[in-house]
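Secondary and tertiary structure notes
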Amino acid sequence: MLKQKITPTEAVEVREVFKSCKNVVICTHTSPDGDAIGSSLALAEFLKRKGKSATVIVPNYFPDFLKWMNGADSIMLYDRQRGLANSFIGMADLICCLDFNSLGRIDELGEAVAHSRAKKLMVDHHLSPDRFCDVTISRPEVSSTCELLYRVFDAIGATQHVNLHCAEDLYAGMCTDTGGFTYNSNDPDIFLIISELMRKGIDKDLIYRKIYNNYTVDRYRLMGYILYEKLEVFPDTHSSVFHITKEELKKFHYLKGDAEGIVNMPLCIKGQKLSISLREDTDKPIVWVSLRSVDDFPCNRMAEEFFNGGGHLNAAGGKLLCSVDEALEIAKRAIEAYRDKLCDAQLQ
């Protein structure tokens, strides 16, 4: 039996918005990851089984390794299908905001959501949510939005509507947001949920392969290049950083998602506590920043202070409007600013 994290009042509110809606739009954050796409498609599947119309709209392109999910081919990309997406938003009587806590996280899509008269429901696990929704289910302590969404289904007594496709999507999101259950996943309830998803018929081993064993040869050559040529390791602060330019990305025929997970690899080096990735956008003057850590090092605090971002204790991100060389200097300053924390006695 799951420990209940959804209050009775929240359960009543969610049950009511699901009961009264007919046309639902589901949206998630820019550059959607596995948790964003998994939770969105899972909720769409759930609502369709309850006789609702559900359309998933995301701000921009999402990685190819997530396109195996049922319904992924019908996801609308707001930056390419704005007119059509706006028409669906205009017809919606409920907008579900998943895996983001602020309209700024969905770029131009945020304006359309803000101006919609539809009721709005947030299900999210990031800190400090903005209060722009009628119903807000926010639990930063939960491992993923997919875990939280299953908890919502459980709290409203509707897990019977979680079919195989819905279960696959939920597991994929939980898996990706915990690095294959290697961090932020010590709550025993996570594995109770997994067991329930397996009872729905999921093949968790196959899902893992579809997510993590589905890259191109160019992705592996890029990974090798980064680790051999670009990785800077700082043993005295138990940290590392690598940066990659758009020219280098083009050399390796970069596709969306090809850099996914590489930031985790330096943490396999003995004694490492922090890894920072800096990736120059191939189209815009932006450097995307990813941070990963172990133990109690606060990636989210560093991301907020230095990289215009945020996130979770051990996984965070941000962006810089500067050259990639300037971003590298900022990252090194950030590491130095947190020297005491990186060198503290709690390092395992």
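Small disclaimer: the values here were computed from a predicted structure and weren't measured.

**Thoughts on the packing of aromatic side chains**
- Using the criterion set out here, one finds twelve aromatic pairs in the structure.
- Measuring from ring centre to ring centre gives 6.4 Å for Tyr61 and Phe62, while their planes differ by 25°; the resulting arrangement is stacked.
- The partly exposed category is assigned to Tyr61, whose relative accessible area is 26%.
- Taken together, a centroid distance of 6.2 Å and an interplanar angle of 20° make the contact between Phe100 and Phe132 stacked. Taken together, the residues span a long stretch of sequence, with Phe100 in the loop between β4 (94-98) and α4 (109-115) and Phe132 in the loop between β5 (119-124) and β6 (135-138) at a distance of 32 residues.
- In this structure Phe100 comes out as buried when scored by relative accessible area, which is 0%.
- Over the face of the ring belonging to Phe62 we find Lys67, whose NZ or CZ atom lies 5.6 Å from the ring centre.
- The ring centre of Tyr225 lies 5.6 Å from the NZ or CZ of Lys251, which sits over that ring.

**Points about the sheet that holds strand β2 (residues 53-58)**
- The strand order β3-β2-β1-β4-β5-β6 describes an open sheet built from six strands, whose pairing is parallel. Strands with a single pairing partner mark the edges of an open sheet, and in this sheet they are β3 (76-77) and β6.
- Bridge count between strand β1 (residues 23-27) and β4: four bridges; the pairing is parallel. Bridging across to β4, Ile26 finds its partner in Cys96.
- Most of the contacts of helix α1 (residues 8-20) go to β6, to which it runs at about 125°, and overall it touches β4, β5 and β6.

**Here we look at the nonpolar core**
- By size, the foremost hydrophobic cluster in this structure holds 60 residues, and its most contacted members are Phe18, Ile26, Leu43, Leu170 and Leu197.
- The contact partners of Phe18, leaving out residues within four places of it in the chain, are Leu43, Phe46, Leu47, Lys52, Leu94, Leu121 and Ile156.
- Among the nonpolar cores identified, the runner-up in size contains 24 residues, and Phe297, Ala316, Val324 and Leu328 belong to it.

**A word on the pattern of salt bridges**
- In the structure shown here, the tally under the stated rule is 15 salt bridges.
- Among the ionic pairs, Arg199 bridges to Glu196, the shortest N-O distance being 3.5 Å. Pair noted here: Arg199 and Glu196 are both in helix α7 (residues 188-199), with a separation of three residues, about one helical turn.
- Accessibility expressed as a relative area gives 67% for Arg199, which makes it exposed.
- The class of Glu196 is partly exposed, set by a relative accessible area of 33%.
- The salt bridge partner of Asp236 is Arg339, with a shortest N-O separation of 3.0 Å. Placement of Asp236 in the loop between β7 (232-234) and β8 (239-244) and of Arg339 in helix α13 (residues 339-342) is noted, with a sequence separation of 103 residues between them.
- Its relative accessible area of 43% is what places Asp236 among the partly exposed residues.
- Taken together, the shared-partner salt bridges in this structure form one network comprising Lys3, Glu147, Arg151, Asp187 and Asp189.

Basis of the calculations
- Residues numbered from 1 in each chain as written.
- Predicted model: local features only at pLDDT ≥ 70, side-chain atom pairs only at ≥ 80, totals over all residues.
- Heavy atoms only, no water.
- Phe/Tyr/Trp six-rings, centres within 6.5 Å; stacked < 30°, edge-to-face > 60°.
- Buried < 20%, exposed > 50% of the residue type's maximum accessible area, 1.4 Å probe, protein only.
- Helix = DSSP H or I, 4+ residues; strand = E, 2+ residues; numbered from the N terminus.
- Lys NZ or Arg CZ within 6 Å of the ring centre and 35° of its normal.
- Pairing = 2+ DSSP bridges.
- Contact = heavy atoms within 4.5 Å.
- Axes fitted to C-alpha atoms, helices over the stretch in contact; angles between N-to-C directions.
- Core = buried A, V, L, I, M, F, W, Y, C linked by side-chain atoms within 4.5 Å.
- Salt bridge = Lys/Arg side-chain N within 4 Å of Asp/Glu carboxyl O.

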